[in-house]
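# Overview (structure and organization)
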Amino acid sequence: MRVFVTGASGWIGSAVTDELIAAGHEVTGLARSDSSAAALESKGARVRRGDLDDLDSLRLGARDAEAVVHLANKHDWSDPAGTAAAERAAVQAIGETLAGTGRPFLLASGVAGLAQGRPATEDDASPFHGPGSSRGGSENLALEFVGRGVHSVSLRFAPTVHGTGDHGFIAILAAIARQKGVSGYPGDGANRWAAVHVRDAARLVALGLDKAPAGARLHAVAEEGVPVRVIAEAIGRAFGLPVASIAPGDVPDHFGWIGALFGTDFAATSTATQSLLGWTPTGPTLVEDLDAGAYAAGR
């Protein structure tokens, strides 16, 4: 199958590209820089130059493909409104291009904010609708295209997709711990983060492309929820730092923008996804990765 992948040279996208090529698919990745293009070509993928703001490139990539896997996101935490607007515009452009074709359209989403006081499940519909909502309401927008003849599938990733080379939330928390000289956690640290190893997540995407029905919501979750205190303790061990609770009133100053996320419960299950796809996570746990030095390169 000819698959157009946005974010193909990114943290998750690079692993997904490997999985898709290994499964016999022909991958074309969106690349905004020479280095990204070279990385994709070295894997045996084709390259389409462009970025999320280049909607014509997205349309052409979707038009020429038999399936689209949309993983790119600006992740500009200093401009969440701009990030959401770009994400919504990209999904709209891809969806309109695929309308009436029946082709698969898999897009990245998340488990954050889906449920209160319990782990989120695949049955939980996203509460985010419209341009002003989280990620521009892109999951619901993409799933609306099912009614217009698009085989849309939501890929809901755990808040940490971990492994050696990760530059996401755990790497940011580790950097804050090194800067502050203490690995902190908000309050009692009892709130939990779901987690998945990057290779398990990539394998789920490849399986989802082959097996998931239109309208499916897939959870890339291996661990239902790791207490953030346990995460902080593992970061402390990894860098030889003391571990301490950060009082709620001091969380914004200590952690910056990520403090609100680190203090929120983002637990989720993947029971339905595992049953649907025959997917069983086999990679190391988050704490195992931290203890093995997966984040030591950030020293």
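In short, a report on the structure.

Despite not being glycine, His75 shows a phi value in the positive range, around 50°. With relative accessibility at 47%, the residue His75 sits in the partly exposed group. Of note in this structure, Arg135 is not a glycine but carries a positive phi near 55°. In this fold, Arg135 is placed in the loop between β5 (104-110) and α5 (138-144).

Right, let's get into the packing of aromatic side chains. All told, the structure shown has five aromatic pairs when counted by the stated rule. Through pairs of rings, three or more aromatic residues link up here, namely Phe169, Trp193, Phe255, Trp257, Phe262 and Phe266.

Judged by pairing direction, the sheet is mixed, and its three strands sit side by side in the order β7-β9-β11 without closing on themselves. Bordering the open sheet on either side are β7 (160-162) and β11 (223-227), each of which pairs with just one other strand. Pairwise comparison of adjacent strand axes, ignoring direction, gives a mean angle of 45° for this sheet. Seen against the sheet, helix α7 (residues 198-211) touches β7 and β9 (192-197) and runs at an angle of roughly 75° to β9.

Our next topic: the packing of helix α6 (residues 169-180) against helix α8 (residues 228-239). In helix packing, the relevant descriptors are the interaxial angle and the interaxial distance, both defined with respect to the helix axes. For the pair α6 and α8, the least separation of the axes is 10 Å and the interaxial angle reads 60°. Put simply, α6 runs oblique to α8. With respect to the hand of their crossing, α6 and α8 are arranged in right-handed fashion. On the side of α6, the interface is formed by Ile170, Leu173, Ala174, Ala177 and Arg178, while α8 contributes Ile231, Ile235 and Phe239. Of the residues assigned to the contact of α6 with α8, the class counts are seven nonpolar, no polar and one charged.

Attention shifts here to the side chain of His70. For His70, the location among the structural elements is in strand β4 (residues 67-70). Assessed through its relative accessible area of 1%, His70 is described here as buried. Excluding residues that lie within four positions of it along the chain, His70 makes contacts with Thr6, Leu52, Glu87, Ala90, Val91, Ile94, Phe105, Leu106, Leu107 and Ala108.

Its 12 residues place the ends of α8 17 Å apart at the C-alpha level, agreeing with the 16 Å of an ideal helix rising 1.5 Å per residue. Residues of α8 that are buried include every one of Val228, Ile231, Ala232, Ala234, Ile235, Gly236, Ala238 and Phe239, and no others. A positive phi of about 65° marks Gly240, the residue just after α8.

Conventions we followed
- Residues numbered from 1 in each chain as written.
- Predicted model: local features only at pLDDT ≥ 70, side-chain atom pairs only at ≥ 80, totals over all residues.
- Heavy atoms only, no water.
- Buried < 20%, exposed > 50% of the residue type's maximum accessible area, 1.4 Å probe, protein only.
- Helix = DSSP H or I, 4+ residues; strand = E, 2+ residues; numbered from the N terminus.
- Phe/Tyr/Trp six-rings, centres within 6.5 Å; stacked < 30°, edge-to-face > 60°.
- Pairing = 2+ DSSP bridges.
- Axes fitted to C-alpha atoms, helices over the stretch in contact; angles between N-to-C directions.
- Contact = heavy atoms within 4.5 Å.
- Parallel < 35°, antiparallel > 145°, perpendicular 65-115°, else oblique.
- Left-handed = near helix turned anticlockwise from the far one by under 90°.
- Nonpolar A, V, L, I, M, F, W, Y, C, P; charged D, E, K, R; others polar.
- Expected span 1.5 Å × (residues − 1).

Shape is all these values report; function is a separate question.
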